[in-house]
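Spelled out, the chains give:
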Amino acid sequence: MHYVTNAHTHLELTALTHLCPAQPTSFLPWLARVGWKISRLSREEILSAIAQGIAELKTYGTTHVGDITHSWLSVEPLLASGLNGIVYLEVLGLERESAMERLQEAQKAIESARHHPNYGRMQVGLSLHAPYSCHPDLLRAGARWCRAENVPLCVHVAESEVETEWLLRGRLPGQARVLSPLVRATGYLPTSVPRQRPVPYLAALGVLDAHPLLVHGVYVSDEEIALIAATHCAVVHCPRSNHLLGSGRMPLERYLRANVPIYLGTDSRASSPDLNVYAEAQFACQLHHRYVPEEQIMALLHQPLEHSL
Ligand SMILES: [Zn+2]
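Throughout what follows, the structure given in this document is the object of discussion. (Residues numbered from 1 in each chain as written. Predicted model: local features only at pLDDT ≥ 70, side-chain atom pairs only at ≥ 80, totals over all residues. Heavy atoms only, no water.)

Now for the overall build of the chain. Scanning the chain from N- to C-terminus turns up 13 helices and 8 strands. Over its C-alpha trace the chain gives a radius of gyration of 18 Å, about what one expects of a compact globule, namely 19 Å for 309 residues. Dimensions of the chain, computed from C-alpha atoms along their principal axes, come out at roughly 50 × 45 × 40 Å. When the 309 residues of the chain are sorted by exposure, 58% land in the buried category. Positive and negative side-chain charges in the chain, numbering 25 and 29 respectively, have mean positions lying 4 Å apart. (Helix = DSSP H or I, 4+ residues; strand = E, 2+ residues; numbered from the N terminus. Rg over C-alpha atoms; globule rule 2.2 N^0.38 Å. Buried < 20%, exposed > 50% of the residue type's maximum accessible area, 1.4 Å probe, protein only. Lys, Arg positive; Asp, Glu negative; His and termini not counted. Charge placed at Lys NZ, Arg CZ, Asp CG, Glu CD.)

Here you go:
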């Protein structure tokens, strides 16, 4: 079988193509806008966006997808789509009690999805949004459960400089500082600070032991890449989204040297001009031309995304 894998999408955000920046922009205000807009979409708008996203994936010859669904509404359409891959139910929250309740609901939904007649080629997993948007107990308990039940897990990590600065020092870098109240109002910034960089923080909470699919991984040291390799986690590279959200170049050559499995993903239409993972690969070839041979980048497209149960 010829595989074409787009390992990171948020199909429901196909409703928010107008938020996709034409030029590189700052991560935080973009995230705040997406968070605000997604909460105002109707069920019908979300379902129609998901259908549009699935159609677009098929247009580009995609066989495997890794989709994160905040509304959880992309599970049914993806199970019925004929596509392979994993759809991850997103949970986040910094308020402990409500976050843990949401985790329990996700666990029930994932367990029941496993009995769905179409389950198999499309699997259902859990996404703990990011280290800065999840209570530490949510990260710890969610990962422990995924590991015990062999459920696929996906986490955004080390996407922006802002994330590292916040987790490490509890402040936003440079001019982004003025945005703290706005971003905190959307529920994305924790009130307590772990004083650790994103990858070691996830390791300390046991999250890496569940072998999550890590999304972005742009701001990482060699030690952190070694940690990702040692815990057998894979990483999704979304270079166009990283470019448009001002995140910079992911050190692809260092991951490959450390034998970390790498997938390519377009990310959502709110930060990517399309869901064409071939265009993503071409952009990656230009971005890394001094560091990684083109053939090696193009080969990343053709690995199936699956989780062995
Ligand atoms: Zn994402």
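Now that the structure has been shown, we can carry on.
Here the focus is the layout of surface pockets. A volume near 370 Å³ is recorded for the second largest pocket. Around the second largest pocket sit 22 residues that line it, and His211, Pro212, His232, Glu306 and His307 are the ones nearest its centre. Counting only elements with at least two residues in the lining of the second largest pocket, the list comes to β3 (84-91) and α5 (136-149). (1 Å grid on protein atoms, 1.4 Å probe; cavity = no way out; pocket = protein on both sides within 12 Å on 5 of 7 lines; lining within 4 Å. Points joined across faces, edges and corners; volume = space filled by probe spheres on them.)

Burial analysis of β3 places 8 of its 8 residues in the buried class, the great majority of the element. Here β3 shows two buried faces, one formed by Asn84, Ile86, Tyr88 and Glu90 and the other by Gly85, Val87, Leu89 and Val91. As paired strands, strand β2 (residues 64-69) and β3 are joined by 6 bridges and run parallel to one another. Directly across from Gly66, in β3, lies its bridge partner Ile86. (Pairing = 2+ DSSP bridges.)

In this structure the tally under the stated criterion is 10 salt bridges. Arg140 is the partner of Asp137 in a salt bridge, and the nearest nitrogen-oxygen pair spans 2.6 Å. Of the two residues, Asp137 and Arg140 are both situated in helix α5; the distance of 3 residues between them amounts to about one turn of the helix. Across the pair Arg240 and Glu280 runs a salt bridge, and its minimum N-O distance is 2.7 Å. Taken together, the residues span a long stretch of sequence, with Arg240 in helix α10 (residues 239-244) and Glu280 in helix α12 (residues 277-287) at a distance of 40 residues. The pair Arg240 / Glu280 is uniform in exposure class, with both members buried. (Salt bridge = Lys/Arg side-chain N within 4 Å of Asp/Glu carboxyl O.)

With that settled, consider the nonpolar core. Core analysis: the largest hydrophobic core is formed by 84 residues, its most contacted members being Leu126, Leu153, Leu214, Tyr255 and Ile262. Once residues within four sequence positions are removed from consideration, Ile262 is found in contact with Val235, His237, Met250, Leu252, Tyr255, Leu256, Leu300 and Gln303. (Core = buried A, V, L, I, M, F, W, Y, C linked by side-chain atoms within 4.5 Å. Contact = heavy atoms within 4.5 Å.)

Below, the discussion takes up the packing of aromatic side chains. Counted according to the given criterion, the structure contains 1 aromatic pair. Directly above the ring of Trp72 sits Arg102, whose terminal nitrogen or CZ lies 3.8 Å from the centroid. Seen from the ring of Tyr291, Arg249 lies directly overhead, with NZ or CZ sitting 3.7 Å from the centre. (Phe/Tyr/Trp six-rings, centres within 6.5 Å; stacked < 30°, edge-to-face > 60°. Lys NZ or Arg CZ within 6 Å of the ring centre and 35° of its normal.)

The protein atoms that coordinate the zinc ion are His8 (NE2), His10 (NE2) and His156 (NE2), at distances spanning 2.0 to 2.1 Å. Donor residues binding the zinc ion come from one chain and are separated in sequence as H-x1-H-x145-H. For His8, a relative accessible area of 0% corresponds to the buried category. Owing to a relative accessible area of 11%, His10 belongs among the buried residues under this scheme. (Donors = N, O, S within 2.8 Å, 3.2 Å for Na, K, Ca; no water.)

Turning our attention to the sheet that holds β2. Read from one edge of the open sheet, 8 strands run β1-β2-β3-β4-β5-β6-β7-β8, paired in parallel fashion. Across the chains shown, the open sheet's two edge strands, defined by having one partner strand only, are β1 (5-9) and β8 (262-264). Averaged over all pairs of adjacent strands, the angle between their axes in this sheet comes to 25°, without regard to strand direction. Summarising the sheet, strand β7 (residues 234-237) and β8 pair through 3 bridges and their orientation is parallel. By the bridge assignment for β8, Val235 is matched with Ile262. (Axes fitted to C-alpha atoms, helices over the stretch in contact; angles between N-to-C directions.)

Attention shifts here to unusual backbone geometry. A positive phi angle, near 50°, is found at Ala158, a position not held by glycine. The class of Ala158 is buried, set by a relative accessible area of 0%. Located in the positive-phi region is Arg195, a residue other than glycine, with phi close to 60°. Relative to the elements of secondary structure, Arg195 occurs in the loop between α7 (180-185) and α8 (198-204).

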